[in-house]
Amino acid sequence: MIDTKQYVVKQIEERDIRFLRLWFVDVFGNLKNIAITPSDIDTAFAEGIGFDGSQIAGLAPLNESDILAHPDASTFQALPWRPRNNGVARMFCDLRTPDGAPLCADSRRILVEVLKKAASMGYSVNVGTAVEYFCFKSAEAPEPIDCGGYFDLAPLDDAADLRRETVLTLEQMGVSVEYSHHESSPAQQEIDLRYSDALSAADAVVTARHVVKEAAYAHGMHASFMPKPLEDHPGSAMHVHQSLFDDDGNAFFDANDPQGWGLSAAGKSYIAGLLKYAPEFALVTNQYVNSYKRFVPGMGAPMHVSWGHANRSVMVRVPGYKPGKESSMRVEIRSVDSAANPYLTLAVTIAAGLKGIEEGLTLGAPVTENLFALSDDRISDSGLAPLPRDLSRAVDAFEASELMREVLGSTVHDYLVRAKRAEWEAYRAHVTSWEIDRYLAAL
């Protein structure tokens with residue numbers, strides 16, 4: 001077996017790497033880094049690189065601010081957009097306290113703990129993501145670079161070359177891309193990352209966001225993962241595809257499902273868990289005031305706790321492209337937005353599904369109608385519960401959730417409650433241009 005650390009040292013020498021960027025994220029999923037030179041690589045692997053954790057959102061209080069970043073050698077990749085001579089590479093890091101204990105607020109560690117729980121139940125977890133974003137002319141205003149729509153080509157699609165460059169860069173960094181295309185809104189793009197183990201999938205999302213922004217910046221554009229930047233057009237989601245595998249194969253698949261859904265008992269309970277705990281994990285999957293601007297009629301985002309087959313109006317969809325094919329059986333969570341912390345998002349959704357299996361939850365009948373076309377009365381009669389309609393209600397459900405506190409730990413749970421309540425109060429006190437236009441002259 002190859003010693004991964006020795007492989008990194010060899011790559012540094014052979015590829016003329018002069019800077020190593022140690023990557024990690026804050027509690028909200030924003031990418032942070034420390035740059036070291038090759039002379040410090042042995043120290044980084046053996047002891048970690050110290051930094052002030054109190055300066056990073058949610059990581060540590062001022063009186064416990066000494067944090068160490070320990071690079072994960074298996075994530076070493078050169079940054080293709082940097083010079084080949086005097087090159088730059090990156091590694092993701094695990095965060096620890098000075099006594100060597102894992103940092104409780106490390107998003108990557110939180111996901112790892114959930115994956116350990118899955119392994120203890122006999123499962124490994126595969127994840128694929130569909131990452132959506134916008135390309136604007138600048139960061140000053142949301143001015144689209146084109147007027148294209150779903151699957152359009154040039155001249156309506158003005159970002160085809162930019163997407164191609166982005167995809168090629170991701171492939172050079174070991175991130176496999178399945179599809180890319182123009183999305184439904186003007187200047188909106190989608191890159192679908194091929195499925196992998198859950199931790200690698202979360203790393204891939206962080207990498208993809210950074211590559212997207214770097215590529216756009218190099219072309220004089222601004223790429224944004226803001227969930228809803230254009231008022232009259234659908235916002236950006238991050239559809240998350242999940243499947244569990246055990247010793248017998250895809251644990252979600254059952255060709256002899258008596259209900260004809262192709263789902264195993266575990267698959268049904270997993271979906272039921274996602275539905276039961278959806279209001280409680282919404283604060284993680286949709287963490288900003290702006291996130292909830294997607295959840296309005298006519299904008300293509302699911303508004304109710306619901307599931308179905310090949311039905312894009314529901315929250316949890318079982319794709320039906322290849323019925324009867326075991327390896328294709330999976331669930332797609334459609335409520336997650338483009339700005340979510342991928343580590344925490346996978347942690348809370350996988351934990352919810354596993355909880356459904358543990359509790360033996362029963363899955364109700366799938367929704368077969370287009371929920372977007374139904375009246376409020378019809379939906380009310382169906383008994384479907386709404387997803388939180390704003391950040392305040394999401395905070396309330398999250399704060400009361402025992403599962404969220406168990407998965408995230410009290411430190412992260414309490415921090416998110418405080419931070420997001422403060423965000424809501426700041427938003428609630430802000431007088432918007434909509435209010436000025438509507439009320440100033442009339443009242």
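Check the entry above for the structure.
Residues numbered from 1 in each chain as written. Predicted model: local features only at pLDDT ≥ 70, side-chain atom pairs only at ≥ 80, totals over all residues. Heavy atoms only, no water.

Q: Mind showing me how you'd approach the overall build of the protein here?
A: Scanning the protein for helices and strands turns up 11 helices and 15 strands. Relative to the compact-globule value of 22 Å for 443 residues, the protein shows a C-alpha radius of gyration of 22 Å, a close match. Along the first, second and third principal axes, the C-alpha atoms of the protein reach 65 × 60 × 50 Å. Taking all 443 residues of the protein together, 53% fall into the buried category. When contacts within the protein are restricted to residue pairs at least 6 apart in sequence, those whose partners lie at least 24 apart make up 70%. Surface accessibility of the protein: about 20,400 Å² in total, with carbon and sulfur atoms responsible for 50%. The average position of the 41 basic charges and that of the 60 acidic charges among the side chains of the protein differ by 1 Å. (Helix = DSSP H or I, 4+ residues; strand = E, 2+ residues; numbered from the N terminus. Rg over C-alpha atoms; globule rule 2.2 N^0.38 Å. Buried < 20%, exposed > 50% of the residue type's maximum accessible area, 1.4 Å probe, protein only. Contact = heavy atoms within 4.5 Å. Areas by Shrake-Rupley, 256 points an atom, 1.4 Å probe, with all protein chains shown as cover. Lys, Arg positive; Asp, Glu negative; His and termini not counted. Charge placed at Lys NZ, Arg CZ, Asp CG, Glu CD.)

Q: What is the right way to read unusual backbone geometry from this model?
A: The omega torsion of the bond from Ala 154 to Pro 155 falls at 10°, within 30 degrees of zero and hence cis. With respect to the helices, strands and loops of the structure, Pro 155 is situated in the loop between β7 (124–136) and α4 (160–172). Here Asn 86, not a glycine, exhibits a phi torsion of approximately 55°, which is positive. Considering the arrangement of structural elements, one finds Asn 86 in the loop between β5 (77–78) and β6 (87–96). Residue class for Asn 86 comes out partly exposed when judged on its relative accessible area of 41%.

Q: What is the right way to read the pairing of β7 from this model?
A: Where a strand is regular, its side chains alternate between the two sheet faces. Here β7 lies mainly inside the structure; 12 of its 13 residues are buried. In the sheet, β7 pairs with strand β11 (residues 238–246) via 8 bridges, with the strands oriented antiparallel. Bridging across to β11, Ala 130 finds its partner in His 239. Pairing geometry for β7 and strand β9 (residues 188–197), over 8 bridges, is antiparallel. When the sheet's bridge partners are listed, Val 127 is paired in β9 with Ser 196. For β7 and strand β10 (residues 222–224), the ladder comprises 3 bridges, and the chain directions are antiparallel. Bridge pairing in β10 links Phe 134 to Ser 224. (Pairing = 2+ DSSP bridges.)

Q: Sorry, what's going on with the nonpolar core here?
A: Nonpolar side chains tend toward joint burial in soluble globular proteins. Counting residues in each nonpolar core, the largest one holds 128 residues, and the members touching the most others are Leu 193 and Leu 408. Contacts of Leu 193, omitting those with residues within four sequence positions, involve Gly 128, Thr 129, Val 131, Leu 170, Val 175, Ser 176, Val 177, Ala 204, Val 205 and Ala 208. Core analysis: the second largest hydrophobic core is formed by 5 residues, Val 314, Val 367, Leu 374 and Ile 379 among them. (Core = buried A, V, L, I, M, F, W, Y, C linked by side-chain atoms within 4.5 Å.)

Q: Help me out: how do you make sense of helix α5 (residues 198–218) in this one?
A: Side chains that are three or four residues apart share a direction in an α-helix, a result of its 3.6 residues per turn. Given a rise of 1.5 Å per residue, 21 residues ought to cover 30 Å, and the 30 Å separating the end C-alpha atoms of α5 matches this to within 8%. Where burial is concerned, most of α5 is hidden: 15 out of the 21 residues are buried. Taken from the residues just after α5, Gly 220 is the one with a positive phi, measuring 75°. (Expected span 1.5 Å × (residues − 1).)

Q: Honestly, the packing of aromatic side chains in this entry has me stumped. Any pointers?
A: For any two aromatic rings, the description comes down to two numbers: the centre-to-centre distance and the angle of the planes. Evaluated as defined, the whole model comprises 11 aromatic pairs. Summarising the aromatic geometry, the rings of Phe 24 and Phe 51 are spaced 4.9 Å apart at their centres and angled 25° between planes, so their arrangement reads as stacked. Taken together, the residues span a long stretch of sequence, with Phe 24 in strand β1 (residues 17–25) and Phe 51 in strand β3 (residues 49–52) at a distance of 27 residues. Between Trp 424 and Tyr 427 the ring centres are 5.6 Å apart and the planes differ by 45°, which places this aromatic pair in the tilted class. With a gap of 3 residues between them, Trp 424 and Tyr 427 both fall in helix α10 (residues 402–429), about one helical turn apart. Accessibility expressed as a relative area gives 31% for Tyr 427, which makes it partly exposed. Over the face of the ring belonging to Phe 225 we find Arg 209, whose NZ or CZ atom lies 5.9 Å from the ring centre. (Phe/Tyr/Trp six-rings, centres within 6.5 Å; stacked < 30°, edge-to-face > 60°. Lys NZ or Arg CZ within 6 Å of the ring centre and 35° of its normal.)

Q: Where do I start with the state of the cysteines in this structure?
A: Among covalent bonds in proteins, the disulfide is the one between the sulfur atoms of two cysteines. Throughout the structure, instances matching the rule amount to 0 disulfides. Free of any disulfide, Cys 93 has its nearest neighbouring cysteine sulfur in Cys 104, separated by 17 Å. (Disulfide = S-S within 2.5 Å.)

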